Amino acid sequence: MINPYKKNAKLVLSNGFIFPGFSFGASGSTVGEIVFNTGMTGYQEVITDPSYYGQILTFTYPEIGNTGINLEDSESNINVKGIIVRNYSSNNSNWRSLKNFNQWLIEKKIIGLHGIDTRALVKILRSNGSMNGLLTSENKTLESCMKIINETPKMEGLNLSKEVSTKQKITWNNPSETDFDIRKRYSNTPKKLKIVAIDFGIKKSILNRLVSHGCEVLILSSRSSLKDVLSIKPDGIFFSNGPGDPAAVTEGINLARLLIDHAEIPMFGICLGHQIFGLALGGSTYKLPFGHRGLNHPCGNNKKIEITSQNHGFAIDPNSLPKEIVKITHYNLNDNTVAGLEVKNKPIFSVQYHPEAGPGPHDSDYLFKKFVSLMLERC
């Protein structure tokens, strides 16, 4: 029997599957790529990760919202287009919580769907691949929903980084709010290292970790030129995470290629930045069937294995990378996709995963130390 106090809502997939459920958060309709995240914690960081821009996110963890919302954990002002959960909690219980989860979703205009079998939805996505879908609390017919879905571009070919990148220069000096031992070790570096961060959809946690390792960061737009970057005379250059198809970010690929060819400035890339490096070095990328989105992906090599946080739908083709220039340093141990690379004889490296632990494990924080060490060697 339908509870009359619950507002009906539904998810319509591009393959015609319909998931009827109930609305929470904001009301209305939204369309985007349907993806899923397997993390068991950190929903506030995940929802505000700019890499999810243009997507509707399904949480596989069965109950979301029980710790409420705080002021510290949001990664940006960018949000997912909608969320899908099995259950959501209207009661928040956490010492940092300042706001009810549902009210926050309403304020952020994020449409939510609950009460569906998220296991069945994830099985469809794993079998058929991520696909576009429409999430609505409005009384729309199946025909009108399918029309909207069919008119919505697929993720392939979309340069979404330009939609979330900063429009102006920003100086960032905030350290990490998590006091790792490494922070104490590097807070007194001989000099402040000047970093240029190219913003394709950067997360706050990444910026905080760079500052905690002794850097002062100047954030530049994804459309910045070689002159824009070199005029600052940086000690290092960082290419950030971000949404969309990496092959469509032509301005970022061109900038990376010029910087790699131009000078011996240390460079570090994460997620989309990693893919941009691969493309700039002559490689190619392809869309994964349903992507990697979670906090427990094993990555490594013959020497070390790390449990990592990931959020991406594309990967670098390992066979496309020129072996005389590029060394693959890490693989995703679930499917053997490229998870890390470095440029031979240059201080340039990147990883597909997120070492900043926002949210996620701390196994890979040493990569910030590696970036700092490369810069200190050249100071």
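In this text, all values refer to a predicted model and were calculated from it rather than measured experimentally.

S.K.: Please clarify how the overall build of the protein should be interpreted in this entry.
M.R.: Tallying secondary structure elements over the protein gives 11 helices and 19 strands in all. In summary, the protein has a C-alpha radius of gyration of 21 Å against a globular reference of 21 Å for 379 residues, a match within 12%. Along the three orthogonal principal directions, the C-alpha set of the protein runs to about 70 × 45 × 40 Å. The buried share of the protein, reckoned over its 379 residues, is 58%. For the protein, the accessible surface area stands at approximately 16400 Å², while carbon and sulfur atoms represent 50% of it.

S.K.: So what exactly am I meant to see when it comes to the sheet that holds strand β13 (residues 236-239) here?
M.R.: Each strand in a sheet pairs with another by means of backbone hydrogen bonds, the pair being arranged parallel or else antiparallel. With mixed pairing, 10 strands are arranged side by side in an open sheet as β10-β12-β11-β13-β14-β19-β18-β17-β15-β16. Whereas interior strands pair on both sides, the edge strands pair on one side only; in this sheet they are β10 (170-172) and β16 (305-316). Here the average twist between neighbouring strands, direction ignored, is 25°. Here helix α7 (residues 204-212) sits on the sheet in contact with β10, β12 (215-221), β13 and β14 (267-270), set at roughly 145° to β12.

S.K.: What should I look at first to understand the sheet that holds strand β6 (residues 82-85) in this one?
M.R.: What the 7 strands build is a closed barrel, ordered β1-β2-β8-β6-β4-β3-β9; its pairing is mixed. In this sheet, adjacent strand axes meet at a mean angle of 35° when their direction is disregarded. Bridge count between strand β4 (residues 55-59) and β6: 3 bridges; the pairing is parallel. Bridge pairing in β6 links T58 to I84. Along the sheet, helix α3 (residues 118-128) makes contact with β1 (8-13), β2 (18-25), β3 (29-37), β4, β6 and β9 (131-136), crossing β3 at roughly 80°.

S.K.: Whenever I open this one, empty space enclosed by the protein confuses me. Can you help?
M.R.: Any empty space left between the atoms is revealed when a probe the size of a water molecule rolls over them. Counted according to the given criterion, the structure contains 2 cavities of 30 Å³ or more. Of the volumes computed, that of the largest cavity is approximately 130 Å³. Taken together, 16 residues make up the lining of the largest cavity; nearest its centre are G242, G244, H312, G313 and F314. For the lining of the largest cavity, the class distribution of residues is 6 nonpolar, 8 polar and 2 charged. Estimated volume of the second largest cavity: approximately 70 Å³. Looking at the lining of the second largest cavity, the elements that each hand over two or more residues are α1 (43-47), β15 (285-300) and β16. Residue composition of the lining of the second largest cavity, grouped by class: 4 nonpolar, 7 polar and 3 charged.

S.K.: What should I look at first to understand the layout of surface pockets in this one?
M.R.: As a volume, the largest pocket reaches approximately 660 Å³. G42, E45, D73, R96 and P359 are, among the 35 residues lining the largest pocket, the residues nearest its centre. Elements with a minimum of two residues in the lining of the largest pocket: α1, β5 (63-64) and α7. By residue class, the composition of the lining of the largest pocket is 8 nonpolar, 17 polar and 10 charged.

S.K.: Can you walk me through the pattern of salt bridges in this structure?
M.R.: Two side chains of opposite charge can pair, provided their charged atoms sit close to one another. If you walk through the whole model with that rule in mind, you get 12 salt bridges. Two residues, E33 and K287, come together in a salt bridge whose shortest N-O distance is 2.7 Å. Placement of the pair is E33 in strand β3 and K287 in strand β15, with a sequence separation of 254 residues. Accessibility expressed as a relative area gives 5% for E33, which makes it buried. The salt bridge involving E356 is made with K203; its shortest N-O contact spans 2.8 Å. Here K203 lies in the loop between β11 (193-199) and α7 and E356 lies in the loop between β19 (348-351) and α11 (366-377), a separation of 153 residues in the sequence.

Cut-offs used in this document
Residues numbered from 1 in each chain as written. Predicted model: local features only at pLDDT ≥ 70, side-chain atom pairs only at ≥ 80, totals over all residues. Heavy atoms only, no water. Helix = DSSP H or I, 4+ residues; strand = E, 2+ residues; numbered from the N terminus. Rg over C-alpha atoms; globule rule 2.2 N^0.38 Å. Buried < 20%, exposed > 50% of the residue type's maximum accessible area, 1.4 Å probe, protein only. Areas by Shrake-Rupley, 256 points an atom, 1.4 Å probe, with all protein chains shown as cover. Pairing = 2+ DSSP bridges. Axes fitted to C-alpha atoms, helices over the stretch in contact; angles between N-to-C directions. Contact = heavy atoms within 4.5 Å. 1 Å grid on protein atoms, 1.4 Å probe; cavity = no way out; pocket = protein on both sides within 12 Å on 5 of 7 lines; lining within 4 Å. Points joined across faces, edges and corners; volume = space filled by probe spheres on them. Nonpolar A, V, L, I, M, F, W, Y, C, P; charged D, E, K, R; others polar. Salt bridge = Lys/Arg side-chain N within 4 Å of Asp/Glu carboxyl O.

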